[in-house]
Amino acid sequence: VALEQITSPELNTSGPPAEVPEEVPTEVPTEVDAPILDTAFLDQLVGELDAECVAEMIHVFLEDAPPRMVAIQRAAADGAVRIIRHEAHALAGASLNVGLARLGKTAGALQRLCERAEPDAASIEAVANVLRDSLPLAAAWAARHEALTTSGS
Amino acid sequence: MDQRHRVASLPPEKRLLVVDDERVQRMLITHAVTPMGYTVHGVANLADATSHLAHYDYDAVVLDLSLGETEGISLLRAVRDAASDPVLIFLSRLDERVLTASLRLALGMNLRVAGMLRKPASPRALRALLRDAPGRRIQQAAPRQQPPSTAELESAIRNGAIVPHFQPQVSLRDGRLVGVEALARWPDAAGGGRLPECFIPLAEQSGLIIPLTFSIMRASLEACGRWRAEHPECRVAVNISPLVLADPALPDEIERLLTEARLGPGALIAEITESTMMANPLLAAEVLTRLRIKGIELSIDDFGTGHSSLLTLLRLPFSELKIDRSFISQCETDAEAWKIARATISMARELGLRVVAEGIETEAVVRLLRGVGCEVGQGWYFAHAMSETELTPWLSAFAAVPA
């Protein structure tokens, strides 16, 4: 005997559904097709929040990211793949939030690699290199926008 | 100014809990919702989240689904048990399928889900989800029904207190009525009644499902005999529990009931849901095949739910397939539910089966289903289940409206 009918609330999603699953890499690529700092993304974020908030997020990122990289390198020496995956996941998420597109992609690739195999030294190095390139650009962006907000007020 | 008025006009304090192990992410959420009047608490792990949910009333919870080593999904129970009934927003970089499955799980747990945000989350999208969040569940005093005793059930079946109600089935091609499904109802004098969920399982456990099925079938066929003169096209579909299929006398018994109601075999459709209780599949197959040879149509019910499987479809001589309502009621909003419904319809048509979609609630769903060749629809969009007394005028009125 059929039961009474049920209703279902809507499923809201932001953005179109991703039809194609992400490719699982065999190593972290050294050439990534993404800008180090996506300034258009940051401009958009400033529009939705304000420059001060975004600069504050960048400062938190600058504080947190280097220790995460150290944790990744230490975990790699210990062969602790789960820790590498966790830290790479956090690093990727944080980078994308502050417009560090290339680091987001590279750390994301390291995270997915950890789901398959133990990453090699070159893969860890690739993330460290992108992070090294990212930090000064992010810091400069924050300094510039802080100068603007201070002079504007 | 009146003091009370001033107090009342202050914006109410709203609290939001963000559960994410990443500090930049928590900060982004905080900055995004503070202008909306939210006080934000951020926690980095499930233990803190659980204790916060127990200590504070939250209006909203933003939850990262991939919280480090543990999955955020295990927090759903704590969110459901929270007295403040917070609205839930998922946050993730996981693929769409995992997100959708998580949403379904949360909806299945009766949580208020506002939606999901893919990382990097846009503050604007988050604010929009919070603004358009579904309203609080109405604290309805759920009719806490005492299940009947076996003796009560037996007496109700013997006295004819359990009767069929009929839900119309309409052709999606031309809008004509094609039949009704008989649904067992146990009404009481106050206009309420016991729900089938409350007495059917007992009937199945106690073996009373056999007299109940025959009682409902007899009453349904008698009613069909009465409306058949005016509405010769209107057949009746009766649910037959797999337990009843173990009775080799069933085909002859059904034939006898048809003769008593002066109906041909074409007036009846037997709806079968396979379940683990189909103790003797070989005997069930024999009984169903004999029914089919006698000219009675067989419908596989709740198709897609796991009880009604492809193997059943292969093994038994069905002529109709009923897609389970869970696919139909979500097909407008859930792309994957729609894909499954569409593929099922296509497969059924390949197999030469008539397809009935249950649980239709909107015109838009009718159009979707018609577009992919689904023949028959059933659901609140057309009509609720009704007693024979209500059905008779409904049938006349429906027939009078040009398709």
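Here the structure is a predicted model, which means the values were calculated and not measured. (Residues numbered from 1 in each chain as written. Chains lettered and ligands numbered in written order. Predicted model: local features only at pLDDT ≥ 70, side-chain atom pairs only at ≥ 80, totals over all residues. Heavy atoms only, no water.)

Observations regarding the overall build of chain A
Okay, so step 1: A count of helices and strands for chain A gives five helices and zero strands.
Okay, so step 2: Reading the secondary structure of chain A in the N-to-C direction produces α-α-α-α-α.
Okay, so step 3: For chain A, the residues scored as buried account for 44% of the 153 residues in total.
Okay, so step 4: Here the contacts in chain A between residues at least 6 apart in sequence split such that 74% fall between residues at least 24 apart.
Okay, so step 5: Surface summary for chain A: the accessible area is close to 7,800 Å², and the carbon and sulfur share equals 53%. (Helix = DSSP H or I, 4+ residues; strand = E, 2+ residues; numbered from the N terminus. Buried < 20%, exposed > 50% of the residue type's maximum accessible area, 1.4 Å probe, protein only. Contact = heavy atoms within 4.5 Å. Areas by Shrake-Rupley, 256 points an atom, 1.4 Å probe, with all protein chains shown as cover.)

Things to note about the side chain of B:R354
Okay, so step 1: Relative to the helices and strands, B:R354 resides in strand 13 (residues 354-357).
Okay, so step 2: Here B:E297 takes part through its side chain, which lies 2.8 Å from a polar atom of the side chain of B:R354. (Polar contact = N/O pair within 3.5 Å; in protein donor to acceptor, adjacent residues only side chain to side chain.)

Some details on helix 14 (residues 335-350) of chain B
Residues and elements named next belong to chain B.
Okay, so step 1: Spanning 16 residues, helix 14 covers 23 Å between terminal C-alpha atoms, matching the ideal 22 Å at 1.5 Å per step.
Okay, so step 2: Of the surrounding secondary structure, the elements contacted by the buried residues of helix 14 are helix 5 (96-108), strand 11 (297-303), strand 12 (320-323), helix 13 (325-328), strand 13 and helix 15 (363-371).
Okay, so step 3: Positive phi appears at G352, one or two residues downstream of helix 14, with a value of about 75°. (Expected span 1.5 Å × (residues − 1).)

Digging into the pattern of salt bridges
All names here are of chain B.
Okay, so step 1: Summed over all chains, the structure comprises 28 salt bridges over all chains.
Okay, so step 2: A salt bridge links D252 to R290; the shortest N-O distance between them is 3.9 Å. With D252 in helix 10 (residues 250-260) and R290 in helix 11 (residues 281-293), the pair connects residues that are 38 residues apart, well separated along the chain.
Okay, so step 3: What makes R290 partly exposed here is its relative accessible area of 26%.
Okay, so step 4: Each of E181, E271, K322, R325 and E358 takes part in salt bridges that share partners, so that together they form one network. (Salt bridge = Lys/Arg side-chain N within 4 Å of Asp/Glu carboxyl O.)

Remarks on the confidence of the model for chain B
Residue and element names in this part refer to chain B.
Okay, so step 1: Residue-level pLDDT values for chain B average 86, and 90% of them are 70 or greater.
Okay, so step 2: Confidence drops under pLDDT 50 across residues 1-9; counting only partners more than four residues distant or on other chains, this segment forms one contact.
Okay, so step 3: Here the complex is predicted with pTM 0.57, and the ipTM for its interfaces comes to 0.80. (pLDDT = per-residue confidence, 0-100.)

A closer look at the packing of aromatic side chains
Residues and elements named next belong to chain B.
Okay, so step 1: What the rule picks out here adds up to five aromatic pairs over all chains.
Okay, so step 2: Their ring planes at 75° and their centres at 5.6 Å tell us that W186 and F199 sit as a pair that is edge-to-face. In this pair, W186 sits in strand 7 (residues 177-187) while F199 sits in helix 8 (residues 196-206), placing the two residues 13 residues apart along the sequence. A single burial state applies to W186 and to F199, both of which are buried.
Okay, so step 3: The cationic tip of K14 hangs over the ring face of Y38; the distance from NZ or CZ to the ring centre is 4.6 Å. (Phe/Tyr/Trp six-rings, centres within 6.5 Å; stacked < 30°, edge-to-face > 60°. Lys NZ or Arg CZ within 6 Å of the ring centre and 35° of its normal.)

Focus: the pairing of strand 6 (residues 163-171) of chain B
Residues and elements named next belong to chain B.
Okay, so step 1: Among the nine residues in strand 6, eight count as buried, and that is most of the element.
Okay, so step 2: In this sheet, strand 7 lies alongside strand 6 in antiparallel orientation, the contact comprising eight bridges. When the sheet's bridge partners are listed, Q167 is paired in strand 7 with E181.
Okay, so step 3: Linkage of strand 6 to strand 7, two consecutive antiparallel strands, is achieved through a turn of five residues, within which G175 is found at a positive phi near 75°.
Okay, so step 4: With three bridges joining them, strand 6 and strand 14 (residues 376-378) adopt antiparallel strand pairing. Counted as the bridge partner of V170 is G377 from strand 14. (Pairing = 2+ DSSP bridges.)

Here we look at the nonpolar core
Okay, so step 1: With 77 residues, the main nonpolar core has B:I162, B:W227, B:V236 and B:L369 as its most contacted residues.
Okay, so step 2: Tallying contributions element by element places helix 9 (residues 209-228) of chain B first for this core, with nine residues.
Okay, so step 3: Among residues more than four places away in sequence, those in contact with B:W227 are B:F166, B:V180, B:C234, B:R235, B:V236, B:L391 and B:L395.
Okay, so step 4: Grouped together as the second largest cluster of nonpolar side chains are 60 residues, A:L110, A:A128, B:M36 and B:L129 included. (Core = buried A, V, L, I, M, F, W, Y, C linked by side-chain atoms within 4.5 Å.)

Here's the deal with the environment of B:Y381
Residue and element names in this part refer to chain B.
Okay, so step 1: Summarising the element assignment, Y381 is placed in the loop between strand 14 and helix 16 (388-400).
Okay, so step 2: When the C-alpha atoms of Y381 and E363 are compared, they prove to be 7.3 Å apart, with 18 residues separating the residues in sequence.
Okay, so step 3: Apart from residues no more than four positions distant in its own chain, Y381 is found in contact with I360, E361, T362, E363 and V366.

What about the packing of helix 10 of chain B against helix 11 of chain B?
Residues and elements named next belong to chain B.
Okay, so step 1: Where helix 10 contacts helix 11, the axes come no closer than 9 Å and their chain directions differ by 35°. Where helix 10 crosses over helix 11, the two elements pack in a sense that is right-handed. Taking contact as the criterion, the partners of L250, P251, D252 and I254 in helix 10 are, on helix 11, V287, R290 and L291.
Okay, so step 2: By residue class, the composition of the contact of helix 10 with helix 11 is five nonpolar, no polar and two charged. (Axes fitted to C-alpha atoms, helices over the stretch in contact; angles between N-to-C directions. Left-handed = near helix turned anticlockwise from the far one by under 90°. Nonpolar A, V, L, I, M, F, W, Y, C, P; charged D, E, K, R; others polar.)

Looking at the environment of B:R325
Okay, so step 1: Residue position: B:R325 is located in helix 13.
Okay, so step 2: Note: C-alpha distance between B:R325 and B:G304 (21 residues apart in sequence) is 9.5 Å.

Some points on the packing of helix 1 (residues 39-48) of chain A against helix 6 (residues 123-131) of chain B
Okay, so step 1: Running from N to C, helix 1 of chain A and helix 6 of chain B point in directions that differ by 40°, and their axes come no closer than 9 Å. In terms of orientation, helix 1 of chain A lies oblique with respect to helix 6 of chain B. Across from A:Q44, A:L45 and A:E48 in helix 1 of chain A, the residues of helix 6 of chain B making contact are B:P123, B:R124 and B:R127.
Okay, so step 2: Each residue belonging to the contact of helix 1 of chain A with helix 6 of chain B can be placed in one class, and the counts come to two nonpolar, one polar and three charged. (Parallel < 35°, antiparallel > 145°, perpendicular 65-115°, else oblique.)

Quick look at the sheet that holds strand 1 (residues 14-19) of chain B
All names here are of chain B.
Okay, so step 1: Strand order in the open sheet formed by five strands is 2-1-3-4-5, and the pairing between neighbours is parallel. Edge positions in the open sheet fall to strand 2 (38-43) and strand 5 (112-118), since each of these has one partner strand only. Neighbour to neighbour, the strand axes of the sheet diverge by 20° on average, direction disregarded.
Okay, so step 2: Taken together, the five bridges between strand 3 (residues 60-64) and strand 4 (residues 87-92) define a ladder with parallel strand orientation. Residue pairing across strands places A60 opposite V87, the latter belonging to strand 4.
Okay, so step 3: Here helix 2 (residues 23-33) sits on the sheet in contact with strand 1, strand 2, strand 3 and strand 4, set at roughly 175° to strand 2.

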